[in-house]
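Residues per chain are reported as follows:
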Amino acid sequence: MSTYVIGDVHGCFDQFIRLLEKINYDTSNDQIILTGDLINRGPKSLAVLNYCIADSNITTVLGNHDLYLLYLMSRKESKGELKEVVESENNQKIFEWLIARPFILQIHINATKNDFIISHAGIPEIWSVKKAEDLAQEISKALISNPSKILQSMWGNEPKSWNDTFIGNDRYRIIINYFTRMRFLDDSASLDLENTSTKASKGFKPWFNYESNCYKKMRRYYVFGHWASLKGRTNNPHFIGLDTGCVWEGELTALRLNDLKKISVKY
Ligand SMILES: [Mn+2]
């Protein structure tokens, strides 16, 4: 039995199937976790969703594009490549499945005693894993109990840095932005959401440049997608980027948690 994490699929259904074949995915034994952004930009978003929904051994953490789809669906707005999903006959089922996906997943592999924290963009160092998990559950609960309120108010880049006292929409928006859109942070964990390159603006650094290295002692690995231009390069084996830009004619990459082996297929 193996557990795999797969990077951003973005509607690249054919490549997704080729990758599952390459890893010899065994639907009765293996488990697949996607890093989010299943859809949009690529050609076959609906096929990716239907395939994942039909297989209970496949799940995902939520990405910013997945939230955008939920937003469109909550308003019955058909746009661009997501039109086929919004208008599909099983759109209600898709909505219910997607909105119930978590923002973070933690996986422990018994044989190696390694822990994996999986989220779309990452986890800022200001939050312990326990705190991140609590905030992820808080936002999921809010999202499920009042989808249109959260999906309408989550847009925007403010506030820029976390404060425990935030309540309401500011609180929801910044939690969502850390989990699903973060790339660069400054020393006070302020988000730079405009910069999608790999070069930090002055005063900023990649979110995964943690000050403390206690994650090593704890055998903890952070696994994320979202940042395609990185091509997985973090220069730290405990921070594993899996978005290798499949939809930009790059590769789709899987990480086998049992032995940390990466397996990719080309576009
Ligand atoms: Mn993303």
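Being a predicted model, the structure only gives us computed values, none of them experimental.

A. View of helix α5 (residues 91-99). Restricting attention to buried positions, one finds in α5 the residues Ile-94, Phe-95, Trp-97, Leu-98 and Ile-99. Looking at the packing, one finds that the buried side of α5 touches α2 (45-54), β3 (58-60), α3 (64-74), α4 (83-86), α6 (129-145) and α7 (147-153).

B. The arrangement of the layout of surface pockets in detail. Roughly 260 Å³ of internal volume is contained in the largest pocket. As for the largest pocket, its lining consists of 17 residues, and the residues nearest its centre are Arg-41, Asn-64, Arg-183, Thr-196 and His-226. Partitioned by chemical class, the residues of the lining of the largest pocket number 4 nonpolar, 7 polar and 6 charged. Of the volumes computed, that of the second largest pocket is approximately 160 Å³. Looking at the second largest pocket, the residues that line it are Met-73, Ser-74, Lys-76, Ser-78, Val-86, Asn-91, Gln-92 and Phe-95. With 3 residues, α5 is the single largest residue contributor to the lining of the second largest pocket. Grouping the amino acids of the lining of the second largest pocket by side-chain chemistry returns 3 nonpolar, 4 polar and 1 charged.

C. Geometry of the side chain of Asn-40. With respect to the helices, strands and loops of the structure, Asn-40 is situated in the loop between β2 (31-34) and α2. Setting aside residues no more than four positions away along its own chain, Asn-40 makes contact with His-10, Gly-11, Ser-45, His-65, Tyr-68, Glu-81 and Leu-82.

D. Just the sheet that holds strand β6 (residues 184-186), in detail. In space, the 3 strands of this open sheet follow the order β7-β6-β8, with antiparallel pairing throughout. Two strands in the sheet have a free side with no partner beyond their single neighbour: β7 (191-192) and β8 (204-206). Here β6 runs beside β8; their pairing, made up of 3 bridges, is antiparallel. When the sheet's bridge partners are listed, Phe-184 is paired in β8 with Pro-206.

Reading the values: the criteria
- Residues numbered from 1 in each chain as written.
- Predicted model: local features only at pLDDT ≥ 70, side-chain atom pairs only at ≥ 80, totals over all residues.
- Heavy atoms only, no water.
- Buried < 20%, exposed > 50% of the residue type's maximum accessible area, 1.4 Å probe, protein only.
- Helix = DSSP H or I, 4+ residues; strand = E, 2+ residues; numbered from the N terminus.
- Contact = heavy atoms within 4.5 Å.
- 1 Å grid on protein atoms, 1.4 Å probe; cavity = no way out; pocket = protein on both sides within 12 Å on 5 of 7 lines; lining within 4 Å.
- Points joined across faces, edges and corners; volume = space filled by probe spheres on them.
- Nonpolar A, V, L, I, M, F, W, Y, C, P; charged D, E, K, R; others polar.
- Pairing = 2+ DSSP bridges.

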